[in-house]
There are 2 protein chains.
Amino acid sequence: MQKTNQDISGDSLVSNTIGVITQHIRLNELGPGDRLPSETNLAKELSVSRTVVREAFKSLAAMRLINLSAGKRATVAHLDHGAMSLMIEHGVVTEQISVQQIYDVRRAIETRTVTLASLRRTEAEAQTILYHAAQMRTQVENPDLVMEHDLAFHLEIAKASRNPIFSMIVGAFQGVSRQSWSVGWRSRTEPSQRLAMAQTHVDIADAIATGDPQKANALMTTHFNDSIKALLDAGMS
Amino acid sequence: MQKTNQDISGDSLVSNTIGVITQHIRLNELGPGDRLPSETNLAKELSVSRTVVREAFKSLAAMRLINLSAGKRATVAHLDHGAMSLMIEHGVVTEQISVQQIYDVRRAIETRTVTLASLRRTEAEAQTILYHAAQMRTQVENPDLVMEHDLAFHLEIAKASRNPIFSMIVGAFQGVSRQSWSVGWRSRTEPSQRLAMAQTHVDIADAIATGDPQKANALMTTHFNDSIKALLDAGMS
DNA sequence: TTATCAAACCTGTCCTACAAGTTTGTTGAA
DNA sequence: TTCAACAAACTTGTAGGACAGGTTTGATAA
């Protein structure tokens, strides 16, 4: 094999190839859905084996920067929380992140999303948010359903904030939130406490629908303070 | 090749292998630095080719869940913002994220980190934060230096918040912040404006060192409001 | 006991091969 | 002319073998 490779950096061939691909996206101003060169072509162009190009593509696909599927060419991907979810999960599994820390981040983020949502939500989003809150109250006897509506409620608010980074972060926390959710629920032993939590969600939804950012923000802050306290009471680190 | 593979999901062999590896980390309660099985062993155990295992490892390494290096076995990685940086950069390059949206997220995050830092910073961290702020004021004629100390200032505060998720997110924004920083700087045309910005950082550092979370929070909020306004004035979307 | 060094192990890269999915262009019929 | 069917070309997914070069380990010698 010729040594005609553009020795950009002393890194590995795969790293260089990743750089070439991201630069290709940049220079050609590619957007989501646009197609990338085929593995074989890229390999020929860079004078590396297809193995190297494949590993570069796989790496980018792992980070969800591109989409791969058999037979089709690779395409530029839409923003997505898949990779970040795995990173967060990994942090929790390896005990580098605690559940409490996640809730602290969520509070910081979601007291903002709820404010923005109150200002920017579409009518359809307001309805969806109201729906999930209402279901939480109606289905208060069914924890699994309450949880799913709870998660969907928070994600929909992030979406309504019109800032994809918020959506990504809130989405990334859903996996681990799902795993620790029951802890908070069980710590609310009295039916009245559970109903109060559901009611808070309804109130938040109302504030968003009404377009009252201050009220929505205050309610969300209270909600997270309560949730974090509930986790602490349950002995969660 | 036998079909003895545990057909966990209809996904690809690589995806399954990724699942097996993360599960291996979970089940054996591995932490940062712990070693994973070798590619050859894993390939034999799962009845797949080394190619498949390699691509799985590469994917995990791309997300910074594991570290790879020639000759050595793969190890579980420390939490790191490398992958998230690439994701954010990709979002900006493909115009799915605007600089203004990044600053909005940063404001939500960093008004919290500064509060926590005021409560939790070590003495050494307080000194480092003070140092970067002081350098910003001293070197006010040298934009490149001001920027580097600015970035280091914010990252050190995140670190002092004692929540690795905050560090990760703030770190992930550094790359794109570096690229848009000069826009904000140039919009502050008067020397007095530039000095005022540097002074704000000194004030924040003082509040952290003194242990005054309310004041630190208020100053940081003001700082971000100003910065976002500066970007808007400069016509940044 | 410690230093040295060779063998065993491991990852990085290349190559070839083929199955299976997708795209494209041609052909043929309406 | 238009459209449908189909074959050819292209593309990705996986396998398996080969070898260079870095790392670990254990045996040997001082």
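Keep in mind that this is a model prediction, so the values were computed, not measured.

Rules behind the numbers
- Residue positions are given per chain, counted from 1 along the sequence in the order it is written.
- To read the labels, note that chains go from A and ligands from 1, taken in the order they are written.
- Local features in this predicted model are restricted to residues of pLDDT 70 or higher, and side-chain atom pairs are both shown and tallied only at a pLDDT of 80 or more, whereas totals for entire chains, interfaces and linings draw on every residue.
- To obtain the side-chain values, all non-hydrogen atoms of the structure were included, while hydrogens and water were left out.
- Inter-axis angles, ranging from 0 to 180 degrees, are taken between N-to-C directions of lines fitted to C-alpha atoms, where helices are fitted over the stretch in contact.
- Secondary structure elements are defined from DSSP: runs of H or I of at least 4 residues count as helices, runs of E of at least 2 residues count as strands, and each element is numbered from the N terminus.
- For classification purposes, angles smaller than 35 degrees are called roughly parallel, those larger than 145 roughly antiparallel, those between 65 and 115 roughly perpendicular, and all remaining angles oblique.
- Should the near helix be turned anticlockwise from the far one by less than a right angle, the crossing is left-handed, and should it be turned clockwise, the crossing is right-handed.
- In this description, contact between two residues means that some pair of their heavy atoms is separated by no more than 4.5 Å.
- Basically, the charged four are Asp, Glu, Lys and Arg, the nonpolar ten are Ala, Val, Leu, Ile, Met, Phe, Trp, Tyr, Cys and Pro, and anything else, Gly included, counts as polar.
- Accessible-area loss on putting two parts together, using a 1.4 Å probe and summing over both, is the definition of buried area adopted here.
- Each salt bridge in this description consists of a side-chain nitrogen of Lys or Arg and a carboxyl oxygen of Asp or Glu lying within 4 Å of one another.
- For this overlay, a least-squares fit was computed on C-alpha atoms, restricted to residues scoring pLDDT of at least 70 in both copies.
- We define proximity as follows: a residue is near a molecule or strand when any one of its heavy atoms falls within 4 Å of that partner.
- Polar contacts here mean pairs of N or O atoms no more than 3.5 Å apart (in protein, one a potential hydrogen donor and the other a potential acceptor; neighbouring residues in sequence count only if both atoms are side-chain atoms).
- The rule is simple: take the accessible area with a 1.4 Å probe, protein chains only, and divide by the maximum for that residue type; under 20% is buried, over 50% is exposed, in between is partly exposed.

(A) Representation of the packing of helix α5 (residues 99–120) of chain B against helix α10 (residues 213–233) of chain B in the model. Residues and elements named next belong to chain B. It is at 8 Å that the axes of α5 and α10 come closest, and there the two elements cross at 165°. In terms of their interaxial angle, α5 and α10 are classed as roughly antiparallel. Note that α5 runs across α10; the crossing there is right-handed. From α5, V99, Q100, Y103, D104, R106, R107, E110, T111, V114, T115, S118 and L119 reach across to α10, where they touch P213, A216, N217, M220, T221, F224, N225, S227, I228, L231 and L232. Taken together, the residues that form the contact of α5 with α10 break down as 11 nonpolar, eight polar and four charged.

(B) Highlighting the interface of chain B and chain A. Between chain B and chain A, the residue contacts involve 46 residues of the former and 46 residues of the latter. For the pair chain B and chain A, the two sides together bury roughly 4200 Å², of which 69% comes from carbon and sulfur. Across the contact surface, chain B and chain A share six salt bridges. The salt bridge involving D104(A) is made with R112(B); its shortest N-O contact spans 2.8 Å. Broken down by secondary-structure element, the contributors of at least two residues to the side of chain B that touches chain A are α1 (13–27), α3 (50–62), α4 (82–93), α5 and α8 (164–187) of chain B. Of the residues assigned to the side of chain B that touches chain A, the class counts are 28 nonpolar, eight polar and 10 charged.

(C) The arrangement of the relation of the copies chain B and chain A in detail. Of the transformation superimposing chain B on chain A, the axial component is 0.0 Å and the angular component is 180°, with the fit at an RMSD of 0.0 Å. Here the symmetry operator amounts to a two-fold rotation axis. For chain B, the residue whose C-alpha comes nearest the rotation axis is S59(B), separated from it by 2.4 Å.

(D) Here's a closer look at the protein's contact with DNA strand D. The environment of DNA strand D is made up of 22 residues, and the closest members are R50(A), K72(A), L13(B), S49(B) and V52(B). Restricting attention to atoms of DNA strand D within 4 Å of the protein, one finds that 70% of them are sugar or phosphate atoms. Taking G71(A), its main chain carries an N or O atom lying 3.1 Å from a sugar or linking oxygen of DNA strand D. Within the backbone of L13(B), an N or O atom sits 2.9 Å from a phosphate oxygen of DNA strand D. If you list the elements that add at least two residues to the surface near DNA strand D, you get α3 (50–62) of chain A together with α1 and α3 of chain B. Here the surface near DNA strand D takes three residues from α3(B), the largest share from any one element. Considering only residue class, the surface near DNA strand D consists of seven nonpolar, seven polar and eight charged.

(E) Structural context of the pattern of salt bridges. Residues and elements named next belong to chain A. Summed over the entire model, instances satisfying the criterion amount to 24 salt bridges over all chains. Taking the shortest distance from any N to any O, the salt bridge between R64 and D80 comes out at 2.7 Å. Linking R64 in the loop between α3 and β1 (66–67) with D80 in the loop between β2 (75–76) and α4 (82–93), this pair joins segments that are 16 residues apart in sequence. Under the relative-accessibility criterion, R64 is labelled partly exposed at 36%. The partly exposed category is assigned to D80, whose relative accessible area is 26%.

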